[in-house]
Structure formats: C-alpha cells, structure tokens
Amino acid sequence: MTIREGIERVLESIESAADAVGRSGEVDLELAVKTRTPEECREAAQCLKDFGRPILLGHNRVQEARDTAAAIREVEGASIRLIGPLQSNKINQALACVDAIESIDSPGLVAKLDARLDRRLPVLVEVNVSGESSKHGCAPTEVVALVDAVVGSTNLDLEGFMTVGLNSPVEKDVRAAYALLRRIRDDAEVATGIGGLALSMGMSNDLEWAIDEGATLVRIGTAVFGPRAPRV
Ligand SMILES: *Cc1c(COP(=O)(O)O)cnc(C)c1O
C-alpha cells in the first residue's frame, strides 16, 4: 500500500465514521509521522494537499520535527505540530520548527513558552484521561488551572484538548475515556466563552470510537504508513 492509498483509505474511514454520527466533514486527519523519513513526510503532506485537506503532521520528538521540517515545508500550507512531551530545554528548538503544540501539560510550561514567544502559538491541553501512569498530560483535576494559564497568557491561543486514549481492547472503557475528554472540552467552552475547541483523540486502532465520542481531529500513523521500525 502506498502512502497515497493509505491516506485515501483512512480519509474514507474517517468520513464514514463521521457521517454515521451526523458530523460529515467535521473531522480532520493529522498524520503521526514519528520515525518516518523526510521524504515520506513530504510525500504525505503533498497527498493531503492534493486531497484538499488541512496539511497537519504531528511529531512526537522535537529532534525529528527539526530533521523533517525543511522537507515538510516544501509543501506550502503544511503545519507541523508537536504531539509528544516537551522538555524545557527543548523549547527554543521546538519553537523554531513547530506551528502548534498539542502536548501542553503544565502551567510552568505555559509560562516558559509565553516568555519566549514573539508570535501567536495555537496550543492544545493534553489530558491523561485514562489515568495510566505511562501516559503524559495533566490530570483531569488540573485542567481548570491549566486552561486558565493558557487563556491568561499573552501569546498562546487555546485551540482545544488532546489525549492519547486508553490502551485497551475493551470498547466501553476506551469510549469512557474519550467521553471524559469531551466533557472537559464542553466545560472549558462554557468557562472560557471560547467556542469550537478541538478534540484531538483517536489513533489507527480506535478512530471510529473516538469520532463517535466527538473527536474533531484524529492522529493516525500505522494505518497510513504501515508498522514502525523500532527506533535506533
Ligand atoms: C504514534 C502516535 C499516534 C498514532 O498512532 P498509530 O497507532 O500509529 O496510529 C497518535 N498520537 C500520538 C501522540 C502518537 O505518538
């Protein structure tokens, strides 16, 4: 399967899942490109452009975002987004190559980013809705303070919420975690008066459940590119 065929198939899955819940055209595809080569990233970006979609590429690691940024930016309109944890010592490098950060997890990180920015930065607050200790993101109880920090900052724009779902084959448990993020988003819209906040949730193996629970953005890697080789 080529990258183009992979994207085409995933776009069809997204559309049929969205259509089934009356949300046709409301769910975007973000490609999770960790471990992919610059050439693969550029090709994937070009395909999204050819399909007339937003060109969203998510990286887990700042280093990989840097290494692929030039290739990705050959495709006009491409947006590079950080979907993995951001350490303080990588902030400058991250700001040099990403257009949005989906992994905002503490007021301290908000303050540090805000101090170094000289432009607007769209951000998503990452929430650990599954409670698994291996997962990044703030606890659901910390969301209000974190949202306040973002909204009170000078340069960060709250674009929505992100989570890496529960790693489980049990549908109702996976869905419950996504439903929690949706409630968090709904509460934040009321509290802040900001409408249309995004819900970035759902990966290759559970995108239908995530869309059913309200995802507006699904992050897909293996369903498009095939299995990842282990990192060296
Ligand atoms: C790798 C990754 C994805 C995509 O996972 P797949 O199962 O390959 O679709 C989504 N989100 C994050 C944060 C990831 O690291």
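Residues numbered from 1 in each chain as written. Predicted model: local features only at pLDDT ≥ 70, side-chain atom pairs only at ≥ 80, totals over all residues. Heavy atoms only, no water.

1. What about helix 7 (residues 171-192)?
In a regular helix each residue adds 1.5 Å, so 22 residues correspond to 32 Å; helix 7 covers 32 Å between its end C-alpha atoms and thus fits that length. All of the buried residues in helix 7 are Val174, Arg175, Ala177, Tyr178, Ala179, Leu181, Ile184, Arg185 and Ala188. Phi for Gly193, located one or two positions after helix 7, is positive at around 75 degrees. (Helix = DSSP H or I, 4+ residues; strand = E, 2+ residues; numbered from the N terminus. Expected span 1.5 Å × (residues − 1). Buried < 20%, exposed > 50% of the residue type's maximum accessible area, 1.4 Å probe, protein only.)

2. What about the site of the ligand?
Taken together, Ala32, Lys34, Asn60, Ile83, Val164, Met203, Ser204, Arg219, Ile220, Gly221, Thr222 and Arg228 are the residues near the ligand. One nitrogen or oxygen atom from the main chain of Thr222 is found 2.8 Å from an oxygen atom belonging to the ligand. Within the contact set of the ligand, an oxygen atom lies 2.8 Å away from a side-chain nitrogen or oxygen of Arg228. In the complex, 90% of the free accessible area of the ligand, which totals 380 Å², lies under the protein chains. Residues that form the shell around the ligand fall into these classes: five nonpolar, four polar and three charged. (Near = heavy atom within 4 Å. Polar contact = N/O pair within 3.5 Å; in protein donor to acceptor, adjacent residues only side chain to side chain. Areas by Shrake-Rupley, 256 points an atom, 1.4 Å probe, with all protein chains shown as cover. Nonpolar A, V, L, I, M, F, W, Y, C, P; charged D, E, K, R; others polar.)

3. Some points on the nonpolar core
Formed by 69 residues in total, the largest nonpolar core has its most connected members in Ile7, Ile104, Leu113 and Phe161. At seven residues, helix 1 (residues 3-20) tops the list of elements feeding residues into this core. Each residue touching Leu113, except ones within four places of it in the same chain, is listed here: Leu86, Ile91, Leu95, Ile101, Ile104 and Leu156. (Core = buried A, V, L, I, M, F, W, Y, C linked by side-chain atoms within 4.5 Å. Contact = heavy atoms within 4.5 Å.)

4. A word on the pairing of strand 3 (residues 79-82)
Every other side chain in a regular strand lies on the same face of the sheet, so the side chains alternate between the two faces. Side chains Ser79 and Arg81 project from strand 3 onto one buried face, and the interleaved Ile80 and Leu82 project onto a second face that is buried too. As paired elements, strand 2 (residues 56-59) and strand 3 share four bridges and run parallel to each other. Each bridged residue has a counterpart across the sheet, and for Leu56 the counterpart in strand 3 is Ser79. Between the parallel pair strand 2 and strand 3, the chain is carried across by helix 3 (residues 62-72), and the sense of this crossover is right-handed. Relative to strand 4 (residues 100-104), strand 3 runs parallel, the two being bridged by two bridges. Among the inter-strand pairings, Leu82 is bridged to a residue of strand 4, identified as Ile101. Each parallel crossover has a hand, and the one from strand 3 via helix 4 (residues 91-97) to strand 4 is right-handed. (Pairing = 2+ DSSP bridges. Right-handed = clockwise from strand over helix to strand, strands pointing away.)

5. Side note on the packing of aromatic side chains
The description of two aromatic rings rests on the distance between their centres and on the angle between their planes. Applying the stated criterion across every chain, the model contains zero aromatic pairs. For Arg4, the ring lying beneath its charged end belongs to Phe51, and the centroid distance is 5.9 Å. (Phe/Tyr/Trp six-rings, centres within 6.5 Å; stacked < 30°, edge-to-face > 60°. Lys NZ or Arg CZ within 6 Å of the ring centre and 35° of its normal.)

6. A few points about unusual backbone geometry
Positive phi, normally seen in glycine, also occurs at Thr35, with a value near 70 degrees. By the secondary structure assignment, Thr35 is in the loop between strand 1 (28-32) and helix 2 (38-50). On the basis of relative accessible area, Thr35 is assigned to the partly exposed category, the value being 26%.

7. Observations concerning the UniProt feature "domain: Alanine racemase N-terminal" (unreviewed entry) in the protein chain
Per the UniProt record, "domain: Alanine racemase N-terminal" (unreviewed entry) is annotated on residues 58-227. For residues 58-227, the end-to-end C-alpha separation is 17 Å, with 41% helix and 18% strand making up the annotated structure. (UniProt positions renumbered as here; feature names shortened; annotations may be inferred.)

8. Considerations on the UniProt feature "modified residue: N6-(pyridoxal phosphate)lysine" (unreviewed entry) in the protein chain
Cross-referencing UniProt, the feature "modified residue: N6-(pyridoxal phosphate)lysine" (unreviewed entry) maps to Lys34 in the present numbering. As for its position among the elements, Lys34 is in the loop between strand 1 and helix 2. Taking the relative accessible area as the measure of exposure, Lys34 reaches 19% and is therefore buried.

9. Some remarks on the pattern of salt bridges
Using the criterion set out here, one finds 15 salt bridges in the structure. Between Glu171 and Arg175 there is a salt bridge; the shortest N-O distance is 2.8 Å. Taken together, the positions of Glu171 and Arg175, both in helix 7 and four residues apart, correspond to about one turn of that helix. The exposure class of Glu171 is partly exposed, given its relative accessible area of 36%. For Arg175, a relative accessible area of 19% translates into the label buried. One network of salt bridges, in which partners are shared, links Glu171, Arg175, Arg182, Asp212 and Glu213. (Salt bridge = Lys/Arg side-chain N within 4 Å of Asp/Glu carboxyl O.)

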